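Tertiary structure, described
Here are the chains, one letter per residue:
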Amino acid sequence: MLKLFFGFIVLSLLFLSSSCCNSKAPEAVAAVRIKFEGLKDSYQSRAWVIETAKGDSSIKIDSVYYGLMHSVVDYSFDLEFRKAGPNGDYHIYADSVNGPDVITEFVININQDKCGNDEITYTYRFNGTFETEKVHELTIHK
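Summarised in this report is the structure supplied together with it. Nothing here was measured: the structure is a model prediction, and the numbers come from that model. Sequence positions are assigned chain by chain, starting from 1 and proceeding in written order. Restriction of local features to residues with pLDDT of at least 70 applies here, the model being predicted, together with a cutoff of 80 or more for giving and counting side-chain atom pairs; totals for whole chains, interfaces and linings are based on all residues. Computation of side-chain values covers all heavy atoms of the structure but excludes hydrogens and water.

Some details on the packing of aromatic side chains
Stated formally: For this analysis, a ring pair means two rings from Phe, Tyr or Trp (six-membered ring only for Trp) whose centres lie within 6.5 Å, classed as stacked if their planes differ by under 30 degrees, edge-to-face if by over 60, and tilted for the remaining angles. A helix here means a DSSP run of H or I that spans at least four residues, while a strand means a run of E at least two residues long, and both kinds are numbered starting from the N terminus.
Following the criterion strictly, the structure yields nine aromatic pairs and no others. For the ring pair Y66 and F77, a centre distance of 3.8 Å and an interplane angle of 15 degrees mean the geometry is stacked. Highlighted residues: Y66 in strand β3 (residues 56-68) and F77 in strand β4 (residues 76-80), separated in sequence by 11 residues. Ring pairs connect the aromatic residues F81, Y90, F106, Y122 and Y124, which therefore count as one cluster.

Some details on the pattern of salt bridges
Rules: Here, a salt bridge means any side-chain nitrogen of Lys or Arg that lies within 4 Å of a carboxyl oxygen of Asp or Glu. We call a residue buried when its accessible area falls under 20% of the maximum for its residue type, exposed when it is over 50%, and partly exposed in between, using a 1.4 Å probe and counting protein chains only.
All told, the structure shown has six salt bridges when counted by the stated rule. Between K35 and D74 there is a salt bridge, and its shortest N-O distance comes to 3.1 Å. A residue pair is termed long-range when its members are at least 10 positions apart, and K35 in strand β1 (residues 31-37) and D74 in the loop between β3 and β4 qualify at 39 residues. R82 is the partner of E51 in a salt bridge, and the nearest nitrogen-oxygen pair spans 2.6 Å. One end of the pair, E51, is in strand β2 (residues 46-53); the other, R82, is in the loop between β4 and β5 (89-94), with 31 residues separating them in the sequence. Residue classification places R82 among the partly exposed positions, given a relative accessible area of 33%.

Put into structure tokens, the structure is as follows:
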């Protein structure tokens, strides 16, 4: 009886370990939520991000306008980084914030799990402070 139970456990574990490869995992993304604290709907604060060349803010690569920050979106937006190709420096602006907050030194590592799904880890500096993908939200104070 014990051998039968042990055999059942081993077969169950083998089935579970092989079945994960039959389902497609959600696509991995490198992103962080940018949240503005201290805003109220009456402020009508707009937010945008300008990506510049690494270490050279005079060379503009891209810009994204996120519109008015509102309580409906919890005064926040998601900033997604490129998985393929280099990322520059990300300058985060808002009407109600003095000066830009900056994400620099973004480094992404993509590995594959045993089923061939991407696993993403990344590091960056937010206003000079070292962060990793474990920090899902960055807070900018008004």
